[in-house]
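Spelled out, the chains give:
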Amino acid sequence: MSCLVAGLLVLPVPAPASESVDEIARQQAAVSPEVDAALERKKQRESELAALSRDIEVSTDRQAAIAREIRALDRDRETLNAKIIGTSDTIKGLETELNNTERRLRSLGENEDAVRLSLLARRDILAEVLAALQRIGKRPPPALAVRPSDALSAVRSAILLNAVMPELKVETEALAADLEELARLKTVIAAEKNRLRGDAMRLAEEKSRLELLLSAKRQEHQKSVKVLEEEKQRSAQLAEQAGSLQELISTLEAEIESAREAAEKSRQAALDAKRNASRRFDPFSDPGRLAPVIPFQEAKGQLPLPVAGTLLKDFGEEDDFGGVTEGQSIATRPGSNVASPADGWVVYSGPFRSFGQLLILNTGDGYHVLLAGMDRIDVELGQFVLTGEPVGVMGATQWASASTFGLGSTQPILYVEFRKDGSAIDPTPWWVRTEEEKARG
């Protein structure tokens, strides 16, 4: 800016080059604590976001109302399955919305920090603008109509004002724009937080409903508890002895009755489905089905992802052990529900080596689907599960395993692997496109 000499304002004269460097360093040093404060605010916002959805609980009255709703349901298998899958789809949609809202809040917070830093970096200019405007207000240029004798002073003031006011106007408009943007961001952030709280409450209610529905379905399960417990113990022993996934699957289907029965049912289901291959229909429309309606090979492009989240590592990428990945790793929200991506029978459910909690489904025709990284598995050996039916729940943080090592995320990570005749295959061709999945939902 130029200098206004008529006692109105005094603006700095450009300093020598060495002094300019020193001034820049001084400004950077002054802003540095604010950068640290912005990083601290970012951490606080992330903790707040997690707490907003984590600490919400369903009221006692609402839980009682949901329980009455479940008790009033017809308890036949078809009705329960339809309700369970519908509730699971609702939960997945809410988790996707929560992910999107949290992503928007993080972006808005970063924008807020950027505006704050911009204002802080120009606070000296702000002080100069305010001081200049204040001095102009206190000592305005003389009016010629009032003091004609002071014409020379008035002309000098007018010339200097014409020189400095455009720059003052630019700086004032820039500062006003920043302040306006800051106020707008605060309003939008408040609205997004309200949306987050509302969706989190709905999610808590739907999870409560799902727990009651799954409990009702478990009560209908006919398998003897004693037999089931014996099979669990035997499968755990076989898992300890198995040296690979293929060895585990082969041993289970040879020695565990429920796994052997599941393998046989899947073979029969594949034959039945091939005989009906000419029929055109929605293979997932009947919630009372007891076997897959189409062969797994023909389900390409029709299967939903098992969880709402972000793909971190795809099939065939380099891993951290000098090889390539044999499955896909998906980052999820803490406590997310995991749904079965396909119709199939449970042949294994429990811990296995570096995979942690592992679920293996026999989907027929030599195909198996593996899901690992869950905190809890909710299905039993030998159980037939439907596409979209809940099978487990993710934990609060990433479970460190060979399949998720080095992914650089603290979120829970679900590992998904498809196998055909013992070899890993790319799951991508089986997943439904997002637009189609929304249309079906």
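Residues numbered from 1 in each chain as written. Predicted model: local features only at pLDDT ≥ 70, side-chain atom pairs only at ≥ 80, totals over all residues. Heavy atoms only, no water.

## Here we look at helix α7 (residues 245–255)
Working step 1: If you check which residues of α7 are buried, you get L245, L248, I249, L252 and E253. Mapping the buried residues of α7 onto a view down its axis gives an arc of 120 degrees, with all of them on the same face. (Buried < 20%, exposed > 50% of the residue type's maximum accessible area, 1.4 Å probe, protein only. Helix = DSSP H or I, 4+ residues; strand = E, 2+ residues; numbered from the N terminus. Arc of directions from axis to C-beta.)

## Some words on empty space enclosed by the protein
Working step 1: By the definition in use, this model includes five cavities of 30 Å³ or more.
Working step 2: The volume enclosed by the largest cavity comes to roughly 90 Å³.
Working step 3: In terms of lining residues, the largest cavity is bounded by 13 residues, among which F284, P292, I294, A299 and D343 are the most central. (1 Å grid on protein atoms, 1.4 Å probe; cavity = no way out; pocket = protein on both sides within 12 Å on 5 of 7 lines; lining within 4 Å. Points joined across faces, edges and corners; volume = space filled by probe spheres on them.)

## Some words on the sheet that holds strand β7 (residues 376–377)
Working step 1: Read from one edge to the other, the open sheet built from three strands follows the order β3-β9-β7, with strand pairing classed as antiparallel. Of all strands in the sheet, those bounded by a partner on one side alone are β3 (337–339) and β7.
Working step 2: Note that β7 and strand β9 (residues 390–393) share two bridges and pair antiparallel. Note on β9: the bridge partner recorded for I377 is G392. (Pairing = 2+ DSSP bridges.)

## A word on the packing of aromatic side chains
Working step 1: For the structure on display, the rule yields nine aromatic pairs.
Working step 2: Centre to centre, the rings of F296 and Y367 are 4.9 Å apart; their planes meet at 45 degrees, and the pair counts as tilted. Separated by 71 residues along the polypeptide, F296 in the loop between α8 (257–275) and β1 (309–313) and Y367 in strand β6 (residues 367–374) bring together distant segments of the chain. Exposure class is identical for F296 and Y367. Each is buried.
Working step 3: On the numbers, 5.3 Å between centres and 20 degrees between planes, the contact of F296 with W430 is stacked. Remark: W430 occurs in the loop between β11 (423–425) and α9 (434–440) and F296 occurs in the loop between α8 and β1; sequence separation between them is 134 residues. Judged on exposure class, the residue F296 and its partner W430 are both buried.
Working step 4: Ring-pair connections join several aromatic residues into one group, and the members of that group are F296, Y367, F418, W430 and W431.
Working step 5: Lying across the ring of W430, K300 places its NZ or CZ 4.8 Å from the centre. (Phe/Tyr/Trp six-rings, centres within 6.5 Å; stacked < 30°, edge-to-face > 60°. Lys NZ or Arg CZ within 6 Å of the ring centre and 35° of its normal.)

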